[in-house]
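# Results of the structural survey
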Amino acid sequence: MRIPVIAGNWKMYKTPSEAIILAEGIVKALSSLDGPELVVCPPFTALAAVGQVVAGSRIGLGAQDLHWAREGAYTGEVSADMLQDIGCRYAIIGHSERRQYFGETDEGVNKKSRAALAGDLTPIVCVGETLTEREAGRADAVVEIQLKGALSGLAPEQVQRLIFAYEPVWAIGTGKTATPSQAEEMHAHIRKTIAMLVDAETACGVRILYGGSVKPENATELLERSEIDGALIGGASLQVDSFAAIAKAAQNTGFRV
Ligand code: PGA
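Residues numbered from 1 in each chain as written. Predicted model: local features only at pLDDT ≥ 70, side-chain atom pairs only at ≥ 80, totals over all residues. Heavy atoms only, no water.

### Things to note about the sheet that holds strand β6 (residues 163–166)
Read once around its circumference, the closed barrel built from 8 strands follows the order β1-β2-β3-β4-β5-β6-β7-β8, with strand pairing classed as parallel. Taken over all neighbouring pairs, the strand axes of this sheet differ in orientation by 25° on average, direction set aside. In this sheet, strand β7 (residues 207–211) lies alongside β6 in parallel orientation, the contact comprising 4 bridges. Residue pairing in the sheet places phenylalanine 164 in a bridge with isoleucine 208 of β7. Of the strands in this sheet, β5 (122–127) and β6 are in contact with helix α7 (residues 139–151), which crosses β5 at around 150°. Helix-sheet contacts for helix α12 (residues 240–253) involve β1 (5–9), β2 (37–41) and β8 (230–233), and the interaxial angle to β1 is about 160°. (Pairing = 2+ DSSP bridges. Helix = DSSP H or I, 4+ residues; strand = E, 2+ residues; numbered from the N terminus. Axes fitted to C-alpha atoms, helices over the stretch in contact; angles between N-to-C directions. Contact = heavy atoms within 4.5 Å.)

### Some remarks on the nonpolar core
If you look at the biggest cluster of nonpolar residues, it comprises 67 residues, and the most contacted ones within it are Ile6, Trp10, Leu30, Val50, Phe164, Ile190 and Tyr210. No fewer than three residues from each of domain 1 (1–64) and domain 2 (78–216) sit in this core. Leave out the neighbours within four places in its chain, and isoleucine 6 touches Pro36, Glu37, Leu38, Val39, Leu223, Gly230, Ala231, Ile233, Phe243, Ile246, Ala247 and Ala250. Within the second largest apolar cluster, 12 residues are counted, among which are Tyr90, Ile92, Ile163 and Ala165. (Core = buried A, V, L, I, M, F, W, Y, C linked by side-chain atoms within 4.5 Å. Buried < 20%, exposed > 50% of the residue type's maximum accessible area, 1.4 Å probe, protein only. Domains from an automatic or database assignment.)

### Considering α12
An ideal rise of 1.5 Å per residue puts 20 Å on 14 residues; α12 measures up with 20 Å between its terminal C-alpha atoms. If you check which residues of α12 are buried, you get Ser242, Phe243, Ala244, Ile246, Ala247, Ala249, Ala250 and Thr253. Buried residues along α12 sit against β1, α1 (16–30), β2, α11 (216–223) and β8. (Expected span 1.5 Å × (residues − 1).)

### A closer look at the UniProt feature "binding site: substrate" (unreviewed entry) in the protein chain
With numbering matched to this structure, UniProt assigns "binding site: substrate" (unreviewed entry) to Asn9, Trp10, Lys11, Gly173, Ser213, Gly234 and Gly235. In three dimensions, the annotated residues from a span of 227 residues occupy one location, with a maximal C-alpha spread of 13.8 Å. Those annotated residues lining the largest pocket are, specifically, Asn9 and Lys11. Counting through the fold element by element, asparagine 9 comes out in strand β1. Those residues in contact with asparagine 9 that sit more than four places away from it in its chain are Cys41, Gln64, Ile92, His95, Leu232, Ile233, Gly234 and Ser237. At 3.0 Å, the side chain of asparagine 9 and the backbone nitrogen of lysine 11 are in polar contact. Among the secondary structure elements, lysine 11 is positioned in the loop between β1 and α1. (UniProt positions renumbered as here; feature names shortened; annotations may be inferred. 1 Å grid on protein atoms, 1.4 Å probe; cavity = no way out; pocket = protein on both sides within 12 Å on 5 of 7 lines; lining within 4 Å. Polar contact = N/O pair within 3.5 Å; in protein donor to acceptor, adjacent residues only side chain to side chain.)

Pasting the structure below:
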C-alpha cells in the first residue's frame, strides 16, 4: 500500500520566528487528520525551531538539501547527521532550483541520496524536464537519465526507502500546472523506468509525488489519479489554509494498493 505524502517546500521563505508561527498553525490545523504522511521542509535556519513545534505531532520535518559527506571541510554545508540530530526525517534532493542555480548533478543526487539513507533520512528525489525539453519531445528521456543517475548502484532495499517527486520545471512557481493526464503519464513512465532499473516490486511500492503549482483548486483532480501518490508543494505550503486544504484533499482521495 502506498500512503500518500503531502510535503511543503518552504524554499528561502520564513525567518525562524515566522516559521514557528506557520508551523504552529499547521500542527493545529492538521493534528487530527488521518491518512496522508505530512512533511514540512523549512530553510536550514528554521529547522531546529520548527522541529520543536512539530515534535510529538504527526507532522514530519524535512530539509531542502544536504551534503553527501558525514562531516568535513565543506564551508557552508550541512550533513545528514546534523539534520538527524535536530529531528529531521526527510531531505529533498535534486530540486530543479538546485540543479538550475547551484549546479546540482545526477551524480550529486546519487551521493546525497546515499548519505541521507545512511543517516536515516528519507530522500525526496526530484526529477523533471524543462519546457524546451518537453517541447522537443524529450521529457521522458530526460527524466529517465535523471533517474538512472540518481539510482546508480543503489540496492532495491535502498530504492524502496526513497520518495520520488516529479516536478516539471515549467510548472514550478509559474501557476501553470501539468494537467492530471500529463502528470499521470509521466508518473507511469517513472514507475516503468524504476521497474527497469531496479525491479517491478520496488517500482510498485515507491511513492511518486507531483510538484508544480499544486493548490487547493487543483489538488483533488491531481491526487485522485492512481499514479499520483501525493504532492510536493512550494507557494501554497506557505499558508496554513492552503496547505491544510491540500492535505485534506489527499485524505479524501485515499490510498493506493
Ligand atoms: P510551487 O513549487 O508549488 O510553488 O510551484 C513546487 C516546488 O518547487 O517544489
